[in-house]
Amino acid sequence: MIHLDKAFNGFSVNDLAEAKRFYGEVLGVPVEEIPAGLQLQIGNGILVYPKGDHEPATYTMLNFPVDDIDEAVADLKGKGVKFELYAGVTDHLGIARGIASGRGPDIAWFKDPAGNILSVLRQP
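Parameters and conventions
Residues numbered from 1 in each chain as written. Predicted model: local features only at pLDDT ≥ 70, side-chain atom pairs only at ≥ 80, totals over all residues. Heavy atoms only, no water. Pairing = 2+ DSSP bridges. Helix = DSSP H or I, 4+ residues; strand = E, 2+ residues; numbered from the N terminus. Axes fitted to C-alpha atoms, helices over the stretch in contact; angles between N-to-C directions. Contact = heavy atoms within 4.5 Å. Polar contact = N/O pair within 3.5 Å; in protein donor to acceptor, adjacent residues only side chain to side chain.

### Points about the sheet that holds strand 4 (residues 46-50)
Working step 1: Read across the open sheet, the four strands follow the order 1-4-3-2; overall the sheet is mixed. Where the open sheet ends on each side, the last strands, each with one partner, are strand 1 (9-13) and strand 2 (31-34). Each adjacent strand pair in this sheet contributes to an overall mean axis angle of 25°, direction not counted.
Working step 2: Bridge analysis of strand 2 against strand 3 (residues 37-40) gives four bridges, and the strand direction is antiparallel. Note that in strand 3 the partner of Glu33 across the bridge is Leu38.
Working step 3: Together, strand 1, strand 2, strand 3 and strand 4 form the strand contacts of helix 1 (residues 16-26), whose direction differs from that of strand 3 by roughly 15°.

Structure (structure tokens):
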């Protein structure tokens, strides 16, 4: 029987030490070292595992809800995070303003050190 309440996801990185620093120190996520790699202490845990031939996710693989998107972007930029700029989608800060246009959340995309795409977002 599948235990739905214990489900979790995982993703690969090419450098566990750098992933631990980024997720723990830059993003402030509690991180635990486990035999398989790292576990991000979010929900049921997110497994971060090393993979020699890692290919970065080409989609948003992890979203972090925030109360104030401008404050979150400014805070992360202050920690060295670079936000993606998408022509016709994001403003000069890297924020897609979906709430004002009625097209979803306000969202800003960035990459972890392994190139995986993450976001901070504010729901309408």
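From this point, the narrative continues.
### Section: the environment of Asp15
Working step 1: Inspection of the secondary structure puts Asp15 in the loop between strand 1 and helix 1.
Working step 2: Considered as a pair, Asp15 and His54 are 39 residues apart in the sequence and their alpha carbons are 9.5 Å apart.
Working step 3: Separated by 3.1 Å, the side chain of Asp15 and the backbone nitrogen of Ala17 make a polar contact.

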